[in-house]
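Report on the structure
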Amino acid sequence: MGLSEHIVMRELDIPDIADFEVYRRHGGWEAYRYALTEKTPADIVQMVKESGLRGRGGAGFPTGIKWGFLPKGVYPRYLLCNCDESEPGTFNNHQIIDKNPHQLIEGVALSAYAIEANVAYIYMRGEFAAAARTLERAIAQAYAAGFLGKKILGTDFDLDIYVHRGAGAYICGEETALMESLEGKIGQPRLKPPFPAVAGLYGKPTIINNVETLANVPRIVEKGVAWYRSHGTEKSPGTKCFSLSGHVNRPGNYELPFGVPLRELIESPEYGGGMKGGRPVKIIIPGGASAPWLTAEHLDVPLDYESVAAAGSMLGSGAVIVLNDTVSAPHVAYKMDEFFKHESCGKCTPCREGTHWLVRVLHRMVEEGHATTADIDTLHSIYRQMAGNCFCLLGESAVMPIKSALQLFPHEFEALVKQSSHRNGHHIPLMAHR
Amino acid sequence: MTLLEIHQAEIEAIIARYASKRSAVLPLLYLAQDTYGYLTDDAIREVAAILALPATDVFEVVGFYTLFYNRPVGTWVLQVCDDVPCCYCGAEELIAALKQTLGISEDETTSDGMFTLQRVKCLAACDRAPVLQANLDYVYDVTPDRVQMLLNDLRARAAEARKRGVSGRFAEDYEFTRDGRLVQIERFSPYRPREFVIEPPAAPASPPSSVAPEADAGLDRSDTRKASPL
Ligand SMILES: Cc1cc2nc3c(=O)[nH]c(=O)nc-3n(C[C@H](O)[C@H](O)[C@H](O)COP(=O)(O)O)c2cc1C
Ligand code: SF4
Ligand code: FES
């Protein structure tokens, strides 16, 4: 797929595309101007529905259908753009904004017009301070050019876009926790229903979408549904910016049509360039930390929502982490669950306590070298108590690394027990802190 | 002077962005932290008073979010990502090198108050491992052999900021260009006190000798990997 076919990461090779004038010269903001002056909001919603665009934030929910959930005639409405991007392995939102902030802003503006929102917030993780600055600058340029503000382009449409920075909390990427955070509270998820489309930010109808999702919208409006659907698969149309990382020769973001085989992403000289040092693939985590693991036998799985699910995992955020045979599966599970423990918001017991105990037991086994057979049963028992019982998907996700490791590499846990058996027989301290 | 006196216009502009005043709590805490260096109890109460919130609510917020510091921290807070995949791509070696060079452990500050070292979770730059943030500025591909150069560079930026009467916390406003000049970067965030934005230096400050801009391409803060086709 040539550069010209990129939908989201279009024109990233053009110097200074982050500048308003340059973006404009390359056809930027045209889709928005066209929509405002020639199309009704309902037309745009219909177009996005027909395009089959699916949310890139993890769940793959069809965007147009989500927009259709807004209750008729209830205002104000809000549009939120989710740029919390904190899941290990995910880094495409970051690059989209750094390189081409106007495409996102145009996408946000177009989508706000479609759902009839007059205020949109872009919620960015606190660490994206520089990217927030880039966006603020681009937004100021868009105001100056009359694309944002009051009575835009002589129409009756008013729109304000604000950047709001979080302050270090992965859970704020969960849509309702994000709303709590934006309301100035600690980021703990809300009970659903009511769903955000009905009662979201400040209790008003709210649509929340990922950065990559919204960055698709200008091209759909500009080039049309048929063109868009000519990319990707029937059920997963378009392209995906895969964030490839780990032990590959060329980690980075690669925008490819849905359905490209995992092997091509990892091995093609244009993309991953194969494994570093030619070592074998051991663990593939295809959709960010929350996705069940795959192994080398899954290299021919096509990367679209349905195929990855059929292989027993999920495409999630499209963050593909590839690890070679030098890593220990229990250690990977330990590090991943340490992430979830660190980020657990503490609202519900299965997640708060479950992640805590997973990490304590794994730390003792992996880092301190004390492992017993009973520990393996304990690990199984902890994740079983968590699965299905957590308040939000963070806790459910924390089950995946340990469950995958135990299922795919049971012998590595047994080996840990064997290695430490000579130390058994005396008191094994549980680490006292962390 | 109180926070409100120093930053009245900016605080009002921030509050005006939201339908509820309370939404301004994170931006105002950033403002307070940047002004005072860290969030003292008094600073937290000040933010609560501005937003007419119970102080306990704001203390709770400060405790929840990891980027708010309620203890003194160094001029530079070095946040090194030790998550998967970084931890398998050199992060542990980087942390070891930093600990050794700085003579401190995680969550400690050097005795000169210059550096605080922290381990953090994924920074969304996994393709550039090992990666760290110095006061939220990304530094990519920091292999252990570049640690000394990084620290020298950060010290020089802090010194430049101090020379201009700016609290050391704003050292991130200064950076080295590719050809080794130390310049002030444009500030474009509503969360930063505009009072601290000062005229860029008329004559370029000379780079410290340890930064060799040509020999090594220098520390990489550019936003994408050059090899990437994107
Ligand atoms: C713990 C957790 C973290 C999440 N983090 C993010 C995130 O960083 N970015 C994101 O777009 N969606 C994230 N999501 C998904 C959002 O809740 C939401 O589904 C998404 O923003 C919807 O956008 P989309 O329809 O465009 O995918 C997260 C979900 C959970 C449960
Ligand atoms: S599952 Fe975890 S993150 Fe989600 S509400 Fe419960 S404690 Fe919070
Ligand atoms: S794991 Fe280190 S930046 Fe993502």
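Above this text you will find the structure in question.
Reading guide: rules and limits
- Residues numbered from 1 in each chain as written.
- Chains lettered and ligands numbered in written order.
- Predicted model: local features only at pLDDT ≥ 70, side-chain atom pairs only at ≥ 80, totals over all residues.
- Heavy atoms only, no water.
- Pairing = 2+ DSSP bridges.
- Helix = DSSP H or I, 4+ residues; strand = E, 2+ residues; numbered from the N terminus.
- Axes fitted to C-alpha atoms, helices over the stretch in contact; angles between N-to-C directions.
- Buried < 20%, exposed > 50% of the residue type's maximum accessible area, 1.4 Å probe, protein only.
- Contact = heavy atoms within 4.5 Å.
- Buried area = accessible area lost by both parts, 1.4 Å probe.
- Salt bridge = Lys/Arg side-chain N within 4 Å of Asp/Glu carboxyl O.
- Near = heavy atom within 4 Å.
- Nonpolar A, V, L, I, M, F, W, Y, C, P; charged D, E, K, R; others polar.
- Polar contact = N/O pair within 3.5 Å; in protein donor to acceptor, adjacent residues only side chain to side chain.
- Areas by Shrake-Rupley, 256 points an atom, 1.4 Å probe, with all protein chains shown as cover.

All names here are of chain A. Spatially, 4 strands are ordered β6-β5-β8-β7 in an open sheet, and the strand pairing comes out mixed. This sheet does not close on itself; its edge strands, each paired only once, are β6 (252–257) and β7 (281–285). Direction aside, neighbouring strands of the sheet carry axes that sit 25° apart on average. Sheet topology note: the β7/strand β8 (residues 319–324) ladder contains 4 bridges and is antiparallel.

This brings us to the pairing of strand β5 (residues 239–246) of chain A. Side-chain direction in a regular strand flips from residue to residue, so the side chains alternate between the two faces of the sheet. All names here are of chain A. The element β5 is largely enclosed, with a buried count of 8 among its 8 residues. Burial of the side chains of β5 extends over both faces: Thr-239, Cys-241, Ser-243 and Ser-245 are buried on one face and Lys-240, Phe-242, Leu-244 and Gly-246 on the other. Inspection of the sheet shows β5 paired to β6 by 6 bridges, in the antiparallel sense. The residue of β6 that forms the bridge with Lys-240 is Leu-256. Bridge analysis of β5 against β8 gives 4 bridges, and the strand direction is parallel. Of the residues in β8, the one forming a bridge with Leu-244 is Val-320.

Contacts between chain A and chain B engage 68 residues on the former and 51 residues on the latter. Carbon and sulfur atoms make up 58% of the surface buried where chain A meets chain B, a total of about 4900 Å² over both sides. Counting every contact that joins chain A to chain B gives 3 salt bridges. Two residues, Arg17(B) and Glu136(A), come together in a salt bridge whose shortest N-O distance is 3.6 Å.

Here we take up the site of ligand 2. Close to ligand 2 lie 13 residues; Cys345(A), Lys347(A), Cys348(A), Cys351(A) and Cys392(A) are nearest. Here the shell around ligand 2 is composed, by residue class, of 9 nonpolar, 3 polar and 1 charged.

Residue and element names in this part refer to chain A. Around ligand 1 lies a shell of 18 residues, among which Gly-57, Lys-66, Asn-209, Asn-210 and Thr-213 are the nearest. Between an oxygen atom of ligand 1 and a main-chain N or O atom of Arg-56, the distance comes to 3.3 Å. Side-chain polar atom of Asn-82 to an oxygen atom of ligand 1: 2.9 Å apart, as the coordinates give it. Contact with the protein chains hides 89% of the accessible area of ligand 1, taken as 610 Å² for the molecule alone.

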